[in-house]
Amino acid sequence: MLYSNTFSFEWPLLEVVTSIPVLIITGFTVLFFIYRLGGPRASTSQQISYSNPSKLNTGTEEFSKCNSPGCVRCKNYKSIKENLAKKLDDYLQTIIVDNVDEENIFERLKCSVEKAGEKPEHEEQNLQGSQSILHNPTVFQLCGLSSKPWYERNEVCEQDVKLLENTFSTIWEEFTVVYEDFLQGDTTGWLSNSVPTGQWSVFHLYNQGNKVISNCIRCPSTARTLEKLDTFMCNIAFGNATFTVLQDGTHITEHYGPCNLRIRCHLGLQIPPCCSLTVAHQTKHWIEEGCLLFDDSYLHKAKHDGLEEDGPRIVFMVDLWHPEITEEEKSALKYLFTI
C-alpha cells in the first residue's frame, strides 16, 4: 500500500444539510493546512534531536550536531558518560574472575573507558574544515573493533537479518495499522525529530535500550520478532528498534552516531524513488523487503528527494551488536550504559 499525506472526513447528513456555509469554510481551511503541512505531525513537545542544529564544515557540505539544551538523547548520553571508570570498577567487583586470562578479557574495555574520560565534550567541533575525519563515535568507542561504513547482508548478523526479511509481511501489516491511525491524526507514541527541511517521524518499539511497552502492544508480532534476534541490542542506551518515516523533501544532514558498538540495520518497508542513504560519502539506496547494514558512527546522512505523490520513505531500524564484542563485554557495557 502506498501511503500519501491525505485525510478522510465523514460528516453526519443532518450537519451537511443545516451547516453548508460552515462546512465550505471549514473544508477550505482543512485543505489549506493539509497542503501546507503535508499531513499530521508527531507531538512537537517530544522532539528528541536535531533541534537548533549548529553547523560545521566537513569538506563537502554542512554537518549537524544537536545543540538543543532540551534534547533527551544528549542529556542521557551526557549523564551516562559521567564516572565511567568508577562504574567499571564497581562492575568488576561484582563478578568472579577465576584466573588472569579471564581478567584480561576486560583490558580493551578498561582502555576504552580511560580514553572516553579524556575525550573533550563535543569533540566534533575540532573537525571544522577537515575532509578526512569520517569515523568519529561521539560518546564511546571500544578499542580494537574492526570497522567500515557498509556491511553486506551475509557478512554480519546473517541469521537475524534473514529473520527480519522473512518477517517483512508481518512487520509491514502491523505498521500499517499504526500508521493509518497516525494519518487520521492520532500521534500517540510518535516522536518528531527536527530537521532542516521536511518531516521526520519515528515510532519506537525500543528507545535507547528500553522497551516502549505501549508501542510494542500495538505491534505484538514485531516485538516478538525482536526478542528472537540473537544480536538485538537491548538494555543498553545505544540500542533502538524504530519505525522511521521521512516525508518528501526531508534531508537529514551529515552527523555521527554515538558509538562503534552497533551495526545499524534498515529493513525497507516503503521506498519511493529518489531516496538515498550516504555513509562516509558512499551512497546506497534502500530496497523494499531488504536490509541495509552500516556503521552509523561514520559520517552519514539520509534524503528523500521524491515527490509528494510517491509517499514517505519508511524503514524499520534495528540496532545489532557488533559481532566482535564478546558476551562478557556486552554484560559490562550494559552495566555502564543503561538508562
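Each chain carries its own residue numbering, running from 1 in the written order of its sequence. With pLDDT at 70 or above as the cut-off, local features in this predicted model cover only qualifying residues; side-chain atom pairs require 80 or more to be listed or tallied, and sums for whole chains, interfaces and linings still use all residues. With hydrogens and water excluded, all non-hydrogen atoms of the structure serve as input to the side-chain values.

(A) Local environment of the overall build of the chain. When helices and strands are tallied, the chain shows eleven helices and 14 strands. The buried share among the 339 residues of the chain stands at 49%. The long-range share in the chain, meaning contacts at least 24 apart out of those at least 6 apart in sequence, stands at 78%. Split by element, the accessible area of the chain, about 16300 Å² in all, is 53% carbon and sulfur. Segments assigned H or I by DSSP are reported as helices when at least four residues long, segments assigned E as strands when at least two residues long, and all are numbered from the N terminus. To sort residues, take the accessible area from a 1.4 Å probe on protein chains only and compare it with the maximum for the residue type: under 20% means buried, over 50% means exposed, and anything in between is partly exposed. Contacts were defined at the residue level, with two residues in contact if any of their heavy atoms lie within 4.5 Å. Computed with the Shrake-Rupley method and a 1.4 Å probe, the accessible areas treat only the protein chains shown as cover for residues.

(B) Up close: helix α7 (residues 158-166). Residues of α7 that are buried: D160, V161, L164 and E165. All buried residues of α7 fall inside an arc of 135 degrees around its axis, so they share one side. Facing away from the buried side of α7, by more than 90 degrees, are the exposed residues Q159 and N166. Along its buried surface, α7 packs onto α8 (168-183), α10 (220-228), β9 (262-270), β12 (291-294) and β14 (313-321). It is the directions from the helix axis to the C-beta atoms whose arc is reported.

(C) Seen up close, the pairing of β9. Along β9, nine of the nine residues are buried, which leaves the element largely enclosed by surrounding structure. When DSSP finds two or more bridges between two strands, those strands count as paired. For β9 and β14, the ladder comprises eight bridges, and the chain directions are antiparallel. For G268, the partnering residue across the bridge sits in β14 and is V315. Taken together, the four bridges between β9 and β12 define a ladder with antiparallel strand orientation. When the sheet's bridge partners are listed, R264 is paired in β12 with F294.

(D) Spatial organisation of the environment of D295. Summarising the element assignment, D295 is placed in the loop between β12 and β13 (300-304). Sequence spacing of D295 and H135 is 160 residues, and the spatial spacing of their C-alpha atoms is 9.2 Å. Excluding residues within four positions of it along the chain, D295 makes contact with H135, S147, K148, P149, Y151, C259, R262 and V279. Any N or O atom pair separated by 3.5 Å or less is treated as a polar contact, with the protein-specific requirement of one donor-capable and one acceptor-capable atom, and with residues adjacent in sequence counted only for side-chain atom pairs. Engagement of the side chain of D295 in a polar contact is seen with the side chain of S297, the distance being 2.6 Å.

(E) Molecular detail of the environment of I217. Among the secondary structure elements, I217 is positioned in helix α9 (residues 213-218). The exposure class of I217 is exposed, given its relative accessible area of 61%. Taking the C-alpha atoms as reference points, I217 and L205, separated by twelve residues in sequence, lie 9.1 Å from one another.

(F) Representation of the nonpolar core. We call a set of buried Ala, Val, Leu, Ile, Met, Phe, Trp, Tyr and Cys residues a nonpolar core when their side-chain atoms join them within 4.5 Å. In this structure, L205, L226, F243, L269 and F316 are the most contacted members of the largest nonpolar core, which totals 37 residues. With eight residues, α8 is the largest single contributor of residues to this core. Once you skip the residues sitting within four places of it in the chain, L269 turns out to touch F168, I171, W172, F243, E288, I314, V315 and F316. M233, F238, W321 and A332 belong to the second largest nonpolar core, which has 22 residues in total.

(G) Structural view of the side chain of N260. Mapping N260 onto the fold places it in the loop between β8 (251-255) and β9. In terms of polar contacts, N260 uses its side chain to reach the backbone amide nitrogen of L142, at 2.8 Å. With near-sequence residues (within four places) excluded, N260 lies in contact with H135, P137, F140, Q141, L142, L145, S297 and H322.

(H) Layout of the pattern of salt bridges. Put simply, a salt bridge is a Lys or Arg side-chain nitrogen that is within 4 Å of an Asp or Glu carboxyl oxygen. Enumeration over the complete set of coordinates arrives at 13 salt bridges. Between D90 and K86 there is a salt bridge whose closest N-O contact spans 3.1 Å. Linking D90 with K86, this pair stays in helix α4 (residues 84-94), spanning four residues, or about one helical turn. Given a relative accessible area of 28%, D90 falls into the partly exposed group. One salt-bridge network, in which partners are shared between bridges, spans R262, R264, D296 and D319.

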